[in-house]
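# Summary of the model geometry
Residue-level listing of the chains:
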Amino acid sequence: LPLGPTSYGDSPYQSFSTFAGNPYFIDLELLAEDGLLDREALEAADWGANPRYVDYAKIYEARFPLLRQAFQAGYPQDRKAVEAFRRENRWLDNYALYMAVKAHFGMRSWLEWPDEDIRLRRPAAVARYSRELREDVDFYTYLQFLFFRQWNALRDYIHSQGLQIIGDLPIYVALDSADVWANPDQFQLDENGRPTEVAGCPPDDFTADGQLWGNPLYNWDAMRAENYDWWLSRIDKARELYDIVRIDHFRGFDKYFAIPAGAHNAVNGEWEDGPGREFFKEVERRLGSVEIIAEDLGIIDDSVTVLRQSCGFPGMNVLMFAFDGREDNAYLPANIVENSVTYTGTHDNDTALGYLERMSEAQFKTFKKQLRKVLKAQGAYRPLVDRKDVAQALCVCAAYAKSYITVLPVQDVMCLDNSARMNVPATSSGNWRFRLSAMPSRKAMAELKNLI
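Attention here is on the structure that accompanies the text. (Residues numbered from 1 in each chain as written. Predicted model: local features only at pLDDT ≥ 70, side-chain atom pairs only at ≥ 80, totals over all residues. Heavy atoms only, no water.)

### Description of the pattern of salt bridges
One pass over the structure, following the stated rule, counts 32 salt bridges. Across the pair Asp-176 and Lys-102 runs a salt bridge whose closest N-O atoms are separated by 2.6 Å. With Asp-176 in the loop between β1 (166-169) and α8 (178-182) and Lys-102 in helix α4 (residues 92-104), this pair connects stretches of sequence that are 74 residues apart. The class for Asp-176 is buried, based on a relative accessible area of 12%. Measuring nitrogen to oxygen at the nearest pair gives 3.5 Å for the salt bridge that ties Glu-116 to Arg-119. A residue pair is termed a helical-turn pair when its members lie 3 or 4 positions apart in one helix, as Glu-116 and Arg-119 do in helix α5 (residues 116-119) at 3 residues. (Salt bridge = Lys/Arg side-chain N within 4 Å of Asp/Glu carboxyl O. Helix = DSSP H or I, 4+ residues; strand = E, 2+ residues; numbered from the N terminus. Buried < 20%, exposed > 50% of the residue type's maximum accessible area, 1.4 Å probe, protein only.)

### Brief notes about the packing of α4 against helix α7 (residues 134-160)
For any two helices packed against each other, one specifies the crossing angle of their axes together with the interaxial distance. One way to put it is that α4 packs onto α7 with a least axis distance of 8 Å and a crossing angle of 125 degrees. Between α4 and α7, the angle is such that the two are oblique. In this structure, α4 crosses over α7, and the sense of that crossing is right-handed. On the side of α4, the interface is formed by Leu-92, Tyr-95, Ala-96, Leu-97, Met-99, Ala-100 and Ala-103, while α7 contributes Asp-136, Val-137, Tyr-140, Thr-141 and Gln-144. Residue composition of the contact of α4 with α7, by class: 9 nonpolar, 2 polar and 1 charged. (Axes fitted to C-alpha atoms, helices over the stretch in contact; angles between N-to-C directions. Parallel < 35°, antiparallel > 145°, perpendicular 65-115°, else oblique. Left-handed = near helix turned anticlockwise from the far one by under 90°. Contact = heavy atoms within 4.5 Å. Nonpolar A, V, L, I, M, F, W, Y, C, P; charged D, E, K, R; others polar.)

### A closer look at the sheet that holds strand β3 (residues 211-216)
With antiparallel pairing, the 4 strands of this open sheet are ordered in space as β3-β2-β5-β6. Each having just a single partner strand, β3 and β6 (270-273) make up the two edges of the open sheet. This sheet shows a mean twist of 50 degrees between the axes of neighbouring strands, independent of strand direction. Relative to strand β5 (residues 255-260), strand β2 (residues 197-201) runs antiparallel, the two being bridged by 3 bridges. Following the sheet pairing, Glu-197 is matched in β5 by Pro-260. (Pairing = 2+ DSSP bridges.)

### Remarks on helix α6 (residues 123-132)
Residues spaced three or four apart along an α-helix face the same direction, because each turn holds 3.6 residues. For α6, the set of buried residues is Ala-125, Val-126, Tyr-129 and Ser-130. Summarising the axial view, the buried residues of α6 lie within an arc of 130 degrees, below the 170-degree limit, and thus occupy one face. In α6, those exposed residues whose orientation departs by more than 90 degrees from the buried face are Pro-123, Ala-124 and Arg-131. Structurally, α6 contributes buried residues whose contacts are with α4, α5 and α7. (Arc of directions from axis to C-beta.)

### Observations concerning the side chain of Gln-370
Looking at the secondary structure, you find Gln-370 in helix α14 (residues 361-378). Here the side chain of Gln-370 touches Gly-325 through a polar contact of 2.8 Å, landing on its backbone nitrogen. Dropping the residues within four chain positions of it, Gln-370 is found in contact with Ala-322, Phe-323, Asp-324, Gly-325, Arg-326, Glu-327 and Leu-332. (Polar contact = N/O pair within 3.5 Å; in protein donor to acceptor, adjacent residues only side chain to side chain.)

### Let's talk about the sheet that holds β1
Spatially, 3 strands are ordered β1-β4-β7 in an open sheet, and the strand pairing comes out parallel. One side of each edge strand has no neighbouring strand; the edge strands of this open sheet are β1 and β7 (292-294). On average, each strand axis in the sheet is tilted by 30 degrees relative to the strand beside it, whichever way the strands run. Here β1 pairs with strand β4 (residues 244-247) via 4 bridges, running parallel. Opposite Asp-168, over in β4, you have Arg-246 as the bridge partner. Packed on one face of the sheet, helix α10 (residues 229-241) meets β1 and β4 and runs near 160 degrees to β1.

Next up, the structure:
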């Protein structure tokens, strides 16, 4: 999932910055080992009572005072390294000032800041707030220094084990973000910085009103005039973080769904042309080869497939949707191509077991019968009695698929039900809270090792 600092609702797809790291991920134990935190204060912090679910309110209240303590202890000694880090990351000045001003105005959205001059980034106001809020600007700068110092060490360790990281790059950014505040000309905004149209998805079999995401849409004409500099800097930062970049909602580069600002749902939106192949030619010309996975789920037409194939990017298969009795289902293993990535399910789906538990007996019977047939063809047959057997077998089936990558969510490796589900699209609360409170069993790990 995206690693950016999360906003209200705690979604990693609604971040205060597409470039910054989430301060929730800074390892406080490491800061204590470095002498930047008081051990007693760390142990006294209240993170919530349930080890299986994140309590974001508790974390917000407890973490930032500790991070402030680390800043006061560490910034003076790290000042030169922080300055070098700041110079290497051009996005950082805008982000740190944005967060400092946001904190100054009670964490309100920048569209609600009472001072119009800083809301619209007039130069004199930028200079004044940078001066008056210098300590907070330095604080938010230092948090990013800590995040990336720890992330780089983690990434280097992962690479030393012969492993790679797949990371998500959302196609859109949040309206309440440093990205939009600092680059209003790159988005479809009016003279007051408010969106004229917003992003979402049209109605489908799962959501009668569609999905109203509310993200501002890009001004692709303005971006094209600048050779897509801002977008290419996003991709460049993503490949610094990850080895393989999964671009969320890839179809938006072909056509994107535009919904009038102020609408209550996505019913009256319209499809508009995206930048298409031209954009990815510029990516290749400027950045060279970037390993990308195209998230091509949902409403996909031929032009999206043509764009993805022309770029050479693998698409995605969701195996839990394959066994509906149809032989022409695109996600059936027989119809999967090598240049693709197969998932049992994604963060937006039920867990495999949760999906099966919601089925009627007739649906489950069809699913099980078709899966059994595929497992036999794969040479991976196993007894299928109850829904847990079938959920576990789905992981086996995915591992035997022809895709060059198979992704098994840990919830499916552990055969957990929907109490471990990560996100329910089109809902705004109760999501992104699942926490791995125990490792998979030795039996599950042994089976997984055999599949590899």
